[in-house]
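What follows is the residue order along each chain.
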Amino acid sequence: MATMHSGGYDEKKNGRRSADWLERRDLDGFLHRSWLKATGVGDESFRGRPVIGICNSWSELVNCNIHLRGLAEAVKRGVIQAGGFPREFPVMSLGESLMKPTTMLYRNLMAMDVEESIRSYPLDGVILLTGCDKTNPASIMGACSADIPTIVVTGGPMLNGHWRGKELGSCSDCWHYHEELRRGRITEEEFVEIENSMSRSNGHCMTMGTASTMACVTEALGLALPGTAAIPAVDSRRAQSAEAAGRQIVALVERGTRPSDILTPHAFENAIRALHAISGSTNAIIHLIAYAGRVGIELPLSLFDDLCATTPWLVNLKPAGAHLMEDFYYAGGLPAVLAQIGDLLHEDAMTVTGETLGDNLLNVPTEIIDENVIRPRSDPLDAGGSLVVLRGNLCPDGAVMKISAADQRLLAHEGRAVVFEDINDLAERVDDPDLDVDENSVMVLKGAGPVGAPGMPEWGHLPIPAKLLRRGVNDLLRISDARMSGTSYGAVVLHVAPESAVGGPLALVRTGDPIRLDVEARALDMLVDDAELGRRREAWTPPALKDERGYRRLYEDHVLQANEGCDLDFLRGRSAIIMDTVTYL
Ligand code: FES
């Protein structure tokens, strides 16, 4: 038999949320405390103390997060030092390299796991332990919807890879040396040497890929302690910062500061400025829009473009630049970058320190130590940022392009489309010696968006046909409704919306159609007249959904387009703070 006690629990009126589980004098309180004591803790450990969840995406299947169990111990030390009661719990983890077809398909599922784990347990605050690309945004999306005091502790980047006197960055150099292999410039044996030399420590990819970008964006949003994004995973200061976060979350609970207090429109603008200044991953655009949807803020794609125009690109890291995250940390890390663009930031934005972004920058070192890695404002890599948003008859709801990582001659380009209907078509034909393609062609991939793939995999960095590689062609204009790894580079137009599988104009492109890109005008068009496009639309039929049941069917039925953050439509917004306890007698 079950009895239900439910009530409009309001943490502002009743103090700590956990008290409704652990301080009550009825049978429920008895059960909650008795079973908690079964884990080996006595009243002194938890009575009257804030309960701090440590939401851990540790997994042996996710190398980037393999060290998070150790960081959890550091967080626990900090929580206990500050008088809290830490409880570590596992959530789904998403490993970029092993999980197929793509972690992006499961980002929203992990976000649901995080949200419901926080909501359903007696937690007053939470530390999110994140690392690999999607574990960070998934955790933050879930925490935004649960909306209790939250601090993010990122796992930090790997140490730089080294091979025969050259630095190796994952995974920009994976793509680079794979192309060298396909060109015949290195041997299979050397390629294996590179495989063995690249990933030499715990931590996430150490280029300015998606994981590094999201760590920086998290700090710029105010959700992580200042100066922590770039600390290498194996540096002892990483664990010290986790310990500090453990202390700080207890203070944040006492203040009652929640993600919705921090994630204001100004905080998002700060994060977008930081994204441009570091020349970060295009994936951050999707994730930031998804966060905004969780906290009820509209974040139009156009804002990314508007802020890009006035934000200098300062950080010289691969894939757009030359260096790696370890160098970035030694050069001053994100605080040095934010200090350079301080006049462009909303320095009054609140952060998890309980102080504003501007105050934080007064409390940590902001000097640039190496100007080869972090350029001063007076000598930027580019005055106007690095990510642009395109529109036109190919992408009426937008597309994005990282121009800092592209061959500049392709930024104003017209060429013939070479169309691949899906990823299998691409795999079969891209290296066909008879493929009708040259250095002016525009490669187009369909069926790679949120619904079509499904999951919008990182297929947007279409491989350059082998016969062009052998002729010394290093870049081609490539267009798709896919995403691209944050570690990739090239003249690649991504996130075309609406995607082809839902009838976006990309579905209508045919091989031979002229396509024109004009980055200056922010325009991407197929030069096909409207009457012909109308005829093609009449003849178009949507592809069948790929899955009939389970989460993947739920995803295909409800996922939003790239310009809307690829969240599930019913997950936008926050949950009411209501507590229901069910007791089984
Ligand atoms: Fe995890 Fe690159 S594989 S960040």
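Residues numbered from 1 in each chain as written. Predicted model: local features only at pLDDT ≥ 70, side-chain atom pairs only at ≥ 80, totals over all residues. Heavy atoms only, no water.

Trainee: Even after reading the chapter, I still don't get the packing of aromatic side chains, so can you show me in this structure?
Mentor: Each aromatic ring pair is summarised here by two numbers: the centre-to-centre distance and the angle between the ring planes. Applying the stated rule across the entire model yields five aromatic pairs. Geometrically, the ring pair formed by Phe 46 and Phe 85 is tilted, given 5.8 Å between the ring centres and 45° between the ring planes. You can see Phe 46 sitting in helix α4 (residues 43-46) and its partner Phe 85 sitting in strand β3 (residues 85-90), a full 39 residues away along the chain. A residue is classified by how much of its surface remains accessible, and Phe 85, at 4% relative accessible area, is buried. (Phe/Tyr/Trp six-rings, centres within 6.5 Å; stacked < 30°, edge-to-face > 60°. Helix = DSSP H or I, 4+ residues; strand = E, 2+ residues; numbered from the N terminus. Buried < 20%, exposed > 50% of the residue type's maximum accessible area, 1.4 Å probe, protein only.)

Trainee: It is not clear to me how the environment of Pro 457 should be interpreted in this structure. Could you clarify?
Mentor: Mapped onto the elements, Pro 457 comes out in the loop between β11 (442-445) and α20 (466-470). On the basis of relative accessibility, which here comes to 1%, the residue Pro 457 falls in the buried class. Sequence spacing of Pro 457 and Met 104 is 353 residues, and the spatial spacing of their C-alpha atoms is 6.7 Å. When sequence neighbours within four positions are dropped, the list of residues in contact with Pro 457 reads Pro 101, Thr 102, Ala 448, Ala 482 and Arg 483. (Contact = heavy atoms within 4.5 Å.)

Trainee: Which parts of the structure should I look at to understand the sheet that holds strand β9 (residues 399-402)?
Mentor: Across the sheet, which stays open at both edges, the eight strands sit in the order β8-β9-β13-β12-β11-β10-β14-β15 with mixed pairing between neighbours. Two strands bound the open sheet, and with one partner strand each, they are β8 (387-390) and β15 (523-526). Between one strand axis and the next, the sheet turns by 25° as a mean value, whatever way the strands run. Here helix α15 (residues 301-309) sits on the sheet and contacts β8 and β9; the angle it forms with β8, its principal contact strand, is near 135°. (Pairing = 2+ DSSP bridges. Axes fitted to C-alpha atoms, helices over the stretch in contact; angles between N-to-C directions.)

Trainee: I keep staring at the pattern of salt bridges and nothing clicks. Help me out?
Mentor: It is possible for side chains of opposite charge to pair when their charged atoms get near one another. Under the counting rule described, the total for this entry stands at 43 salt bridges. With a shortest N-O distance of 3.4 Å, Arg 416 and Asp 436 are connected by a salt bridge. Taken together, the positions of Arg 416 in strand β10 (residues 412-420) and Asp 436 in the loop between α19 (423-429) and β11 put the pair 20 residues apart, joining distant regions of the chain. Residue classification places Arg 416 among the partly exposed residues on the basis of a relative accessible area of 32%. Taking the relative accessible area as the measure of exposure, Asp 436 reaches 52% and is therefore exposed. Several salt bridges converge on common partners, so that one network encompasses Arg 510, Asp 513, Glu 532, Arg 535 and Arg 536. (Salt bridge = Lys/Arg side-chain N within 4 Å of Asp/Glu carboxyl O.)

Trainee: Quick question: what am I supposed to make of empty space enclosed by the protein here?
Mentor: It is the rolling of a water-molecule-sized probe over the atoms that shows where space remains empty. Within this structure, the stated rule accounts for four cavities of 30 Å³ or more. The space that makes up the largest cavity amounts to roughly 70 Å³. Surrounding the largest cavity, Glu 219, Gly 222, Ala 224, Leu 225, Pro 226, Pro 335, Leu 338, Thr 351, Leu 357, Asn 360 and Leu 361 form its lining. Mapped by element, the contributors of at least two residues to the lining of the largest cavity are α17 (333-340) and α18 (357-363). Reported here for the second largest cavity is a volume of approximately 60 Å³. Taken together, Ile 151, Val 152, Val 153, Thr 154, Ala 224, Leu 225, Thr 228, Arg 238, Ser 241, Ala 242 and Ala 245 make up the lining of the second largest cavity. When residues of the lining of the second largest cavity are traced back to their parent elements, those giving at least two are β5 (150-154) and α11 (236-255). Among the residues forming the lining of the second largest cavity, the class breakdown is seven nonpolar, three polar and one charged. (1 Å grid on protein atoms, 1.4 Å probe; cavity = no way out; pocket = protein on both sides within 12 Å on 5 of 7 lines; lining within 4 Å. Points joined across faces, edges and corners; volume = space filled by probe spheres on them. Nonpolar A, V, L, I, M, F, W, Y, C, P; charged D, E, K, R; others polar.)

Trainee: Help me understand the environment of Glu 180, please; the structure alone is not making it clear to me.
Mentor: Within the secondary structure, Glu 180 sits in helix α8 (residues 172-183). Along the sequence, Glu 180 and Phe 191 sit 11 residues apart, while their C-alpha atoms lie 9.2 Å from each other. When neighbours within four sequence positions are excluded, Glu 180 is seen to be in contact with Arg 185 and Ile 186.

Trainee: Would you mind showing me how to read helix α14 (residues 283-294) here?
Mentor: Because each turn of an α-helix spans 3.6 residues, side chains separated by three or four positions in sequence point in the same direction. Taking 1.5 Å as the rise per residue, α14 with 12 residues should run 16 Å; its terminal C-alpha atoms sit 17 Å apart, in good agreement. The buried fraction of α14 amounts to 12 of the 12 residues, a majority that puts the element mostly inside the structure. Every buried residue of α14 is accounted for by Asn 283, Ala 284, Ile 285, Ile 286, His 287, Leu 288, Ile 289, Ala 290, Tyr 291, Ala 292, Gly 293 and Arg 294. Positive backbone phi, at 75°, marks Gly 296, one or two positions downstream of α14. (Expected span 1.5 Å × (residues − 1).)

Trainee: Explanation requested: the nonpolar core in the structure shown.
Mentor: Counting 91 residues, the largest nonpolar core has Ile 127, Leu 129, Leu 221, Phe 268, Leu 288, Leu 299 and Phe 304 as the members making the most contacts within it. Residue contributions to this core peak at eight residues, all from α14. Counting 32 residues, the second largest nonpolar core, distinct from the first, contains Met 158, Met 206, Cys 216 and Ala 274. (Core = buried A, V, L, I, M, F, W, Y, C linked by side-chain atoms within 4.5 Å.)

Trainee: Help me understand the pairing of strand β2 (residues 51-56) in this model?
Mentor: The side chains of a regular strand alternate, residue by residue, between the two faces of the sheet. Taken across its six residues, β2 has six buried, putting it largely inside the fold. Side chains Val 51, Gly 53 and Cys 55 project from β2 onto one buried face, and the interleaved Ile 52, Ile 54 and Asn 56 project onto a second face that is buried too. Alignment of β2 against β3, held across six bridges, turns out to be parallel. Counted as the bridge partner of Cys 55 is Phe 89 from β3. Between β2 and its parallel partner β3, the chain crosses via helix α5 (residues 68-81), and the hand of that crossover is right-handed. When β2 meets strand β4 (residues 125-130), the two strands line up parallel, connected through five bridges. Bridge assignment links Cys 55 to a residue of β4, and that residue is Leu 128. (Right-handed = clockwise from strand over helix to strand, strands pointing away.)

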